[in-house]
Amino acid sequence: MDLGIQNVSKAFGATAALRDISLAIHAGELIALLGPSGSGKTTLLRLIAGLESPTAGQVFFGDEEASGKPIQQRQVGFVFQHYALFRHMTVLENVSFGLSVRPRESRPPKREIEMRAMDLINMVQLTGLERRYPAQLSGGQRQRVALARAMAIEPKVLLLDEPFGALDAQVRKDLRHWLREIHDRTGHTTVFVTHDQEEALELADRVVVMNEGQIEQVGSPDEVYDHPAAPFVHRFIGEASELPVHLGQGQIWLGGQPTGLASDQIGLALLFFRPHQIELVDDGSPCLVGKIIASRRMAGTRRLDLLVGSGGHHVEVDVPIDHPAGQQDMLTFRPKVWTLFPENEDEAGVRRKEAREARVVYPRNRSAGPLRQYEPSCS
Amino acid sequence: MTATVQSSRWHFREPGVIPGFRLTFGFAVCYLSLVILIPLSGLVWHSSNLGWDAFWALASDPRTIAALKISFGSAVLAALINTVFGLVVAWVLVRYRFPGRRIVDAVVDLPFALPTAVAGIALATLYAPNGMIGAWLADFGFKVAFTPAGIVVALVFIGLPFIVRTVQPVLEEVDREIEEAAATLGASRLDIVRRVLLPGLLPAILTGFAMAMARGIGEYGSVIFIAGNIPYVSEIAPLLIVIRLEEFNYAAATAVGVVMLSISFLMLLIINLIQAWSRGRFGHG
Amino acid sequence: MADQTISIQSATAETPLVRLVLMAIAFLFLALFLFLPLVVVVSEAFRNGVGAWFQAILDPDALASIRLTLLVAAISVPLNMVFGVAAAWAIAKFEFRGKAFLITLIDLPFSVSPVISGLVYVLLFGSGSVLGPWLKGWGIEILFAVPGITLATIFVTFPFVARELIPLMQDQGSADEEAALSLGASGWQTFLHVTLPNIRWGLLYGVLLCNARAMGEFGAVSVVSGHIRGLTDTMPLHIEILYNEYNFAAAFAVASLLVGLALVTLVLKTAIERRYAD
């Protein structure tokens, strides 16, 4: 079922948790609401479920406006962060609960309820544990009970609040794959909340990046990673190094020095790049020069802390582990992929509104195009 | 090798760095033995001196049986009444915010703090046929003071905090998410209370019930003023012990005492079992 | 807008009507069983005016009973306090066999009828026992005298302090004490400067409840006291005597003092609970 969120705002007392949010979710999609704590992602999820009512705006289930509908009739499967299992009920009783509280006329017979619950318990791979109590299960098992319980009511949408937040790293990974599989098999429209970007990128069809009660960007994992629409998105997803630069004469300049990166824009800007998306420059062509202040071994690379330019801006870059740069004092390099944002866009939410309107002013640069022009002189 | 030898050696206490175990443990156990254990075992020893037949004759004396029945019956009834109203009080105190809530909350402990004799004369005065409540009830033909109903009234007073104070913390800990989860699964408010909340409170309710009942069976001070103390009608077992002692009939007093002590141990066992059961199953006490 | 607010509330809260009914039931019940008895005691105590109240309190037998009650509490409360701290220290700071059993034994007096608490001392020190006549030969009276009353009071108030401190000290663990010891403090210094400040509110709480029960105990004391006016009557026993003599005003006057004690206890208890919460 399609979900529509139209101009929804939510305030708790004087604090605004959501500011004028609009979002369309298509039937069968797996959507991640990604953001730091306090970004409003959980509030949005609870609004869809009907656990909160919006201060303004509407929520649509298909073509139907849902805000007047009591939560009991919304048929949303909600998986709570701490599972909220009924601890005095066995696994089987937990999963059967939704069917057994239906009004008499629509309630399936007892045998059928049990059969359907057992099917779900088998599906979440808890066969044999149906007589256990929640206290006798591991965290990962409880999570799966919670999912089976939510799916038992044949929900129109499945909503998961930080579904893996309370689990160990390994269990988390396993459950992630497993949730994706279940989604592909059952085809429920699914929305989950997470603050873990890796989880969002790996699992979701589309990622909704939220910050301070607003949506920063909606897009596929590739889009939000490779084409971040705002400095916040670039910083929040993946690793980011940033430098204040100015643009002119077809180039990007740092503190009066040319960087060897092309841009046809003019004015002040922030240059963003990822530590691993750089190339080392040793032919004397224009590039960034950094003083190495620390060198750390990461898993597959060596991470260098640099002070770049006359302003001594701190950035991080990755070099191969056996590269001699690890032993040097200075490093000359150039980002292979970068993104520019107008300087005024970065004042942490203060002028976010105008920044949003100005977002399209600078076209995003990719290594493929402009950088190639410098290749001859660089290598 | 040494490690296995050490770990398999029997330790009365696990080794640690903190001092004072011998002193505190020794003092605690000596004091406990002197004040509680030796006197209590004296009671058991006395009754075993009676011999089984004599003991049985004393314990099965009709007046003793009647007194035990009255104590037991009124304790159960009072605990039931307290379960219903104690649950309502705990619910109101935990879930609702109203001015003076802290005062009401503090007043619940009054039966713990108010001497039983004071409670006894106050309740007797209130529920006497010429008392504030008694006169009103008399208009409807009810007589409370100086009847078995009076015993129940006194035991309701005594037992109320047990239910409220065992249920309250558990109810406070109930996560709102539990109720929200039930609601998203389609449960109505009544379903949520009946099928999700109350069963979760059951161990606490049972514990509170058992504690209120145990206290009720043994209660003396608040009851004797209001009960009327008519043998076979409103004479409670503790009073019978006192009467036998005043008659210097130590054997009969001992027999009743041992029966009551056994009931106490049984109640203590039941309370511990409820808690062990609840811990094992739900992972909390 | 209005109906959607109600629908969302009804998932986790009652309708206003149900709420009102529940609150009414709770208040009525508490008023009937807890508040009215207090009102009755105070109103009966002052029924004949403040002068009569003073006269009842200043009666020599009443004063003797107040003195005895204070004396008994002054002996039994500190003893049980020392026991409570020692038992909690042994139980919370060490692991040893049979700990759960020891805790159950400490709780025992709570589930024993107060009359039985008195009875056991009558059997132990009574004329039919071995100990009683032997002590009497040395001129020591236990039963129907102050020592017996004190012993019975200790029995019934035995668990209060330990009961408060054991869970509190178990929660706090031993890390603070281990830190103090590693810094060179002696065991006694550790207790005084580290443990005691940590448990002081819990200790005060336990002492408060212990004291309230010690001053108000009736059943156990009644069995061992012998009811000798002016000599072995505590305040609760004196109330009983006055009440049975139909001297209601005097009985309620003495009772009003104990109501005052109960109210002070509740106020202090609430104040301590607030400190706890901070």
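Residues numbered from 1 in each chain as written. Chains lettered and ligands numbered in written order. Predicted model: local features only at pLDDT ≥ 70, side-chain atom pairs only at ≥ 80, totals over all residues. Heavy atoms only, no water.

## What to know about the overall build of chain C
To be explicit about the condition: Counting from the N terminus, the helices are DSSP H or I runs at least four residues long and the strands are E runs at least two residues long. What the globule rule says is 2.2 Å times the number of residues to the power 0.38, and the radius of gyration is computed from C-alpha atoms. The rule is simple: take the accessible area with a 1.4 Å probe, protein chains only, and divide by the maximum for that residue type; under 20% is buried, over 50% is exposed, in between is partly exposed. Here the accessible surface of atoms and residues is derived via Shrake-Rupley with a 1.4 Å probe, and residues count as covered only by protein chains that are part of the display. As used throughout, the charge tally considers Lys and Arg to be positive and Asp and Glu to be negative, leaving His and the chain termini uncounted. Charge positions are represented by NZ for Lys, CZ for Arg, CG for Asp and CD for Glu.
Within chain C, the secondary structure is distributed over 14 helices and 0 strands. Starting at the N terminus, the α and β elements of chain C follow one another as α-α-α-α-α-α-α-α-α-α-α-α-α-α. At 24 Å, chain C has a C-alpha radius of gyration far larger than the 19 Å of a compact globule built from 278 residues. Evaluated residue by residue, chain C yields a buried proportion of 55% over its 278 residues. Carbon and sulfur atoms make up 69% of the accessible area of chain C, which totals about 12000 Å². Each charge class in chain C can be summarised by its mean position, and for the 14 positive and 19 negative side chains these summaries are 2 Å apart.

## A closer look at the overall build of chain B
For the record, the criterion: Contact criterion: two residues are considered in contact whenever any of their non-hydrogen atoms come within 4.5 Å of each other.
The helix and strand tally for chain B stands at 14 helices and 0 strands. From first element to last, N terminus to C terminus, chain B shows the α and β order α-α-α-α-α-α-α-α-α-α-α-α-α-α. Compactness check: chain B gives a C-alpha radius of gyration of 24 Å against a globular reference of 19 Å for 285 residues, more than 25% above the reference. The proportion of buried residues among the 285 residues of chain B is 57%. Long-range pairs, those at least 24 residues apart, make up 72% of the contacts in chain B between residues at least 6 apart in sequence. Summed over all atoms, the accessible surface of chain B reaches about 12200 Å², with 69% contributed by carbon and sulfur. With 19 positive and 17 negative side-chain charges, chain B shows a separation of 5 Å between the mean positions of the two kinds.

## Digging into the confidence of the model for chain C
Residue and element names in this part refer to chain C. Definition in use: Confidence of the predictor at the level of single residues is captured by pLDDT, which takes values from 0 to 100.
Across chain C, pLDDT averages 90, with 95% of residues at or above 70. Mean pLDDT across the secondary structure elements of chain C bottoms out at helix α1 (residues 2-12), with 49, and peaks at helix α4 (residues 60-93), with 95. Low pLDDT, under 50, characterises residues 1-8; the stretch is placed with 11 contacts to residues that sit more than four places away or in other chains. Confidence metrics for the complex model read pTM 0.84 and ipTM 0.90.

## Thoughts on the interface of chain A and chain B
Spelled out, the test is: Simply put, the buried area is the total loss of 1.4 Å probe accessible area from both parts when two parts are fitted together. We count a salt bridge whenever a side-chain nitrogen from Lys or Arg sits within 4 Å of a carboxyl oxygen from Asp or Glu. We define a polar contact as two N or O atoms separated by no more than 3.5 Å, with the added condition that, inside protein, one atom must be a possible hydrogen donor and the other a possible acceptor, whereas residues neighbouring each other in sequence contribute only through side-chain atom pairs. Side-chain classes are defined by residue name, with Ala, Val, Leu, Ile, Met, Phe, Trp, Tyr, Cys and Pro counting as nonpolar, Asp, Glu, Lys and Arg as charged, and the others, Gly among them, as polar.
Of the residues lining the interface, 25 residues belong to chain A; the matching set on chain B comes to 22 residues. Of the roughly 2200 Å² buried between chain A and chain B, counting both surfaces, carbon and sulfur atoms make up 61%. Connecting chain A to chain B are 1 salt bridge. A salt bridge links E180 of chain B to R46 of chain A, with the nearest nitrogen and oxygen atoms 2.6 Å apart. Put simply, chain A and chain B have 4 residue pairs in polar contact (both at pLDDT 80 or more) between them. At the level of secondary structure, the elements contributing two or more residues to the side of chain A that touches chain B comprise β6 (76-79), α2 (91-100) and α4 (139-151) of chain A. Of all the elements, α2 of chain A adds the most residues to the side of chain A that touches chain B, at 3 residues. Looking at side-chain class alone, the side of chain A that touches chain B contains 15 nonpolar, 7 polar and 3 charged residues.

## Observations concerning the sheet that holds strand β12 (residues 251-254) of chain A
The pairing of strands in a sheet happens through backbone hydrogen bonds and is either parallel or antiparallel. Residue and element names in this part refer to chain A. Operational definition: By this definition, two strands are paired if DSSP reports at least two bridges between them. Axis angles are defined between N-to-C directions and span 0 to 180 degrees, where every axis is a line fitted to C-alpha atoms and, for a helix, only to the segment in contact.
In space, the 5 strands of this open sheet follow the order β13-β12-β11-β14-β20, with antiparallel pairing throughout. The sheet is open, and its two borders are formed by β13 (257-262) and β20 (339-342), each paired with just one other strand. When the angles between neighbouring strand axes are averaged without regard to direction, this sheet yields 40°.

## Things to note about the side chain of E240 of chain C
With respect to the secondary-structure elements, E240 of chain C resides in helix α13 (residues 235-244). Buried E240 of chain C, no salt bridge; nearest opposite-charge side chain is R229 of chain C, N-O distance 11 Å. Those residues in contact with E240 of chain C that lie beyond four places of it in its chain are I224 and F225 of chain B together with F218 and H227 of chain C.

## Considerations on the interface of chain C and chain B
On the chain B side, the residues contacting the 82 residues of chain C number 86 residues. The contact between chain C and chain B buries some 7800 Å² in all, and 80% of this surface belongs to carbon and sulfur atoms. For the pair chain C and chain B, the interface holds 8 residue pairs in polar contact (both at pLDDT 80 or more). It is helix α2 (residues 16-45) of chain C that contributes the most residues to the side of chain C that touches chain B, 17 residues altogether.

## Some points on the pattern of salt bridges
Residues and elements named next belong to chain A. Following the criterion strictly, the structure yields 41 salt bridges over all chains and no others. Across the pair R180 and D184 runs a salt bridge, and its minimum N-O distance is 3.1 Å. Residue R180 and its partner D184 are located together in helix α5 (residues 169-186), separated by 4 residues, close to a single helical turn. Residue R180 is classed as partly exposed on the basis of its relative accessible area of 21%. Taking the shortest distance from any N to any O, the salt bridge between R303 and E239 comes out at 3.0 Å. Taken together, the residues span a long stretch of sequence, with R303 in strand β17 (residues 302-308) and E239 in the loop between α8 (231-236) and β11 (241-248) at a distance of 64 residues. Each of E239, R296, R303, D305, E316 and D318 takes part in salt bridges that share partners, so that together they form one network.

## Concerning the sheet that holds strand β3 (residues 30-34) of chain A
Residues and elements named next belong to chain A. Pairing is mixed in the open sheet, where 6 strands are placed in the order β6-β7-β8-β3-β9-β10. Only two strands of the sheet have a single partner each, and these edge strands are β6 and β10 (214-219). Mean inter-strand twist for the sheet, computed between neighbouring axes without regard to direction, equals 15°. Pairing between β6 and strand β7 (residues 157-161): 4 bridges, direction parallel. Note that in β7 the partner of F78 across the bridge is L159. Strands β3, β6, β7, β8 (189-194) and β9 (206-211) of the sheet are contacted by helix α1 (residues 41-49), whose axis makes an angle of about 150° with β7. Running over the sheet, α4 touches β6 and β7 and is turned about 170° from β6.

## Notes on the domain arrangement of chain C
Residue and element names in this part refer to chain C. To be explicit about the condition: The split of the chain into domains comes from an automatic or database domain assignment.
Looking at the assigned domains, one finds that chain C contains domain 1 (15-46) and domain 2 (48-275). Here domain 1 and domain 2 have C-alpha centroids that lie 30 Å from each other. Taken together, the contact pairs 6 residues of domain 1 with 11 residues of domain 2. Surface buried jointly by domain 1 and domain 2 totals about 750 Å² across both partners, of which 80% is contributed by carbon and sulfur atoms. Ranking the residues of domain 1 by area buried against domain 2 places V41, A45 and F46 at the top, with a combined share of 65%. Taken together, the links from domain 1 to domain 2 amount to 0 salt bridges. For the pair domain 1 and domain 2, the interface holds 2 residue pairs in polar contact (both at pLDDT 80 or more). When its residues are assigned to classes, the side of domain 1 that touches domain 2 shows 5 nonpolar, no polar and 1 charged.

## Looking at the packing of aromatic side chains
Residue and element names in this part refer to chain C. Note the threshold: Classification of ring pairs rests on two measures: the distance between centres of Phe, Tyr or Trp rings, Trp counted by its six-membered ring, which must be within 6.5 Å, and the angle between planes, read as stacked under 30 degrees, edge-to-face over 60 and tilted in between.
As enumerated under the stated definition, the model contains 33 aromatic pairs over all chains in all. Between Y243 and F248 the ring centres are 4.9 Å apart and the planes differ by 55°, which places this aromatic pair in the tilted class. For Y243, a relative accessible area of 11% puts it in the buried group. Using a relative accessible area of 32% as the deciding quantity, one classes F248 as partly exposed.

## A short note on the pairing of β12 of chain A
All names here are of chain A. Burial of the side chains of β12 extends over both faces: Q251 and W253 are buried on one face and I252 and L254 on the other. The pairing of β11 with β12 spans 3 bridges and is antiparallel. Residue pairing in the sheet places G248 in a bridge with Q251 of β12. The sheet contact formed by β12 and β13 spans 3 bridges and is antiparallel. Looking at β13, one finds that Q251 is bridged to A262. Remark: 2 residues form the turn of the hairpin made by β12 and β13, two consecutive strands paired antiparallel; G255 in that turn has positive phi of roughly 55°.

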